[in-house]
Amino acid sequence: MGIRLVGKEDYEQVFYLDAYCFPWLNDVRDRAKDFVLKHIPEDAILGYYDDSGMLNAMLFILPFSIYIYGSPVGMGGIASVSSMPEGRHGGKVTQLLRRSIEIMRERKEFVSMLGPFSYEFYRRYGWELGFERLNYTIPVEHFSNFTRKTGYVKPYREGDVEILDKIYSEYARKHNGCTVRDKTLWTDFVLEDPYGRDYPKYTYIWFDDGNNARGYIIYSIKNNRMTIQEMIYLDQAAKEGLFWFIFVHQSQIKEVYWSTAPDERLYLDIPNPRVKMEISPSMMFRVIDVKHALLSRGYDGDVNARFSISISDPNAEWNNKGFLIEIEDGHIDIGETESPESSCSIQTFSQIFTGYITPEEACMHRKLTGDSKTIREMGMVFKKSSTFNNNPF
């Protein structure tokens, strides 16, 4: 009995447990098995075994890197948190989550993300809301202003991944939480659905008149609706060119659905802004190791700040202390202090770390305590960011 990494000899138990807890996987059973065998590293599945040696609970720790203020930081993605019903409410998942925090630190995955079934549940272990999405539903006629073709579009062809990644990476470095994508992430997850659940995805790239790729759109069409999986543009011309491309589908679709980053103020560009817009809470985020996460991210060269903060983190004793943080000309030095000038929980610090909330906002919501000078110094370091991640796991 106990916790250990799951070997391949127990993968049939993994498949059974995964499908029991996530019944939709039964509809794609063969693809789900292929997914695990192809994409899940052998040391990624952490399991809890009962006295008979049966796998009773598990979770996946998936290795990623994400951009934080333009720098890649190792991130552990928690997925497929599963438990058989006879073992629930016995603390097994609690033990798995606490052990996963230790493992991620050992692997230099200094931050973590997950898609929760319950925000309240995962908040107990240090994760906190870190992302939200802006969901648009727009009648296609709202794009009628964009009838003049500018630049040109061409369909994606094998070998164009580098073109897409160059556009995406420029965008991603400005949105904390975006995944650093390799070729497999592009081909197997972004451009295609590994489970084959959706209608075919189509990808088009927009070029300006100088033949420079400046934007792209990935979408599917079903039941008179275009669903945009991802649309990224690096300037207004690219945006308008892609809007023209959307509008030329007016004979095929009635509306467009797009779930995107909260800073995408599309309604400013269409003649009638009275469209359906919904903000929905999204993934949770956690700083696994405060010191090393701060050392891993980037800082502007003109940043000079000094502050101290006490972090409360009962699930990670290495974070549960006071930190003295000094940044001079973009270089950071981190020590410890017994008399910190501010304090907050690891949940709040995780939100501040990504810029999802600013120190001033955290203070206003009574999530952070400290004097006004300390809050100002922190605000120079942790600036507001539109957090975003479009690679669910």
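Because the structure is a prediction, the values reported are computed rather than measured.

Undergrad: For this particular structure, what's the right way to read unusual backbone geometry?
TA: The bulk of non-glycine residues show a negative phi, and the bulk of peptide bonds are trans. In this model, Asn211 sits at a positive phi of 65 degrees, which is unusual for a non-glycine residue. Inspection of the secondary structure assignment puts Asn211 in the loop between strand S9 (202–207) and strand S10 (213–222). Positive phi is not limited to glycine here, since Arg366 has a value of about 60 degrees. If you trace the backbone, Arg366 turns up in the loop between helix H10 (359–364) and strand S19 (368–370).

Undergrad: Mind showing me how you'd approach the pattern of salt bridges here?
TA: Throughout the structure, instances matching the rule amount to 18 salt bridges. In the salt-bridge network here, residues are joined through shared partners; they are Arg99, Glu102 and Glu106.

Undergrad: How should I be thinking about the sheet that holds S9 in this particular structure?
TA: Adjacent strands of a sheet form backbone hydrogen bonds with each other and so pair up, either parallel or antiparallel. Within the open sheet, the 7 strands sit side by side as S8-S9-S10-S11-S12-S7-S13. Their pairing is mixed. Each of the sheet's edge strands pairs with one partner strand only, and the pair in question is strand S8 (152–155) and strand S13 (276–281). Averaged over neighbouring strand pairs, the angle between their axes works out to 25 degrees when direction is ignored. For strand S7 (residues 132–139) and S13, the ladder comprises 6 bridges, and the chain directions are antiparallel. By the bridge assignment, Glu132 is partnered in S13 with Pro281. Its contacts with the sheet place helix H5 (residues 161–172) against S9, S10 and strand S11 (225–233), and it is angled at close to 100 degrees to S10.

Undergrad: Looking at this model, I keep getting lost on the state of the cysteines. Mind explaining?
TA: When the sulfur atoms of two cysteines share a covalent bond, that bond is a disulfide. Using the criterion set out here, one finds 0 disulfides in the structure. Note on Cys363: no disulfide assigned, nearest cysteine sulfur contributed by Cys344 at a separation of 11 Å. Given the relative accessible area of 30%, Cys363 is considered partly exposed.

Undergrad: Got a minute to help me understand the nonpolar core in this structure?
TA: Note that soluble globular proteins tend to have their nonpolar side chains buried in a common cluster. Counting residues in hydrophobic clusters, the biggest one holds 63 residues, and the most contacted among them are Leu294, Ile309, Phe349 and Phe353. For this core, the element with the highest residue contribution is strand S3 (residues 55–68), accounting for 7 residues. Discounting residues that sit within four places of it in the chain, Ile309 has contacts with Lys321, Gly322, Phe323, Ile325, Pro340, Ser342, Ser343, Cys344, Phe349, Leu368 and Met378. Counting 27 residues, the second largest nonpolar core, distinct from the first, contains Val140, Met231, Tyr233 and Val275.

Undergrad: Could you clarify how one ought to interpret the packing of aromatic side chains in this entry?
TA: One pair of aromatic rings is described through two measures. These are the centre distance and the angle between the planes. This structure, assessed with the given rule, holds 25 aromatic pairs. Measuring from centroid to centroid gives 6.4 Å for Tyr136 and Trp258, while their planes differ by 25 degrees, and the two rings are stacked. Linking Tyr136 in strand S7 with Trp258 in strand S12 (residues 255–260), this pair joins segments that are 122 residues apart in sequence. The class of Tyr136 is buried, set by a relative accessible area of 0%. By relative accessible area, Trp258 is classed as buried at 3%. Arranged with centres 5.7 Å apart and planes meeting at 40 degrees, the rings of Tyr202 and Tyr219 form a pair that is tilted. Placement of Tyr202 in strand S9 and of Tyr219 in strand S10 is noted, with a sequence separation of 17 residues between them. By relative accessible area, which is 40% here, Tyr202 ends up partly exposed. On the basis of relative accessible area, Tyr219 is assigned to the buried category, the value being 3%.

Thresholds applied
Residues numbered from 1 in each chain as written. Predicted model: local features only at pLDDT ≥ 70, side-chain atom pairs only at ≥ 80, totals over all residues. Heavy atoms only, no water. Helix = DSSP H or I, 4+ residues; strand = E, 2+ residues; numbered from the N terminus. Salt bridge = Lys/Arg side-chain N within 4 Å of Asp/Glu carboxyl O. Pairing = 2+ DSSP bridges. Axes fitted to C-alpha atoms, helices over the stretch in contact; angles between N-to-C directions. Contact = heavy atoms within 4.5 Å. Disulfide = S-S within 2.5 Å. Buried < 20%, exposed > 50% of the residue type's maximum accessible area, 1.4 Å probe, protein only. Core = buried A, V, L, I, M, F, W, Y, C linked by side-chain atoms within 4.5 Å. Phe/Tyr/Trp six-rings, centres within 6.5 Å; stacked < 30°, edge-to-face > 60°.

This is a description of form; function is not addressed.
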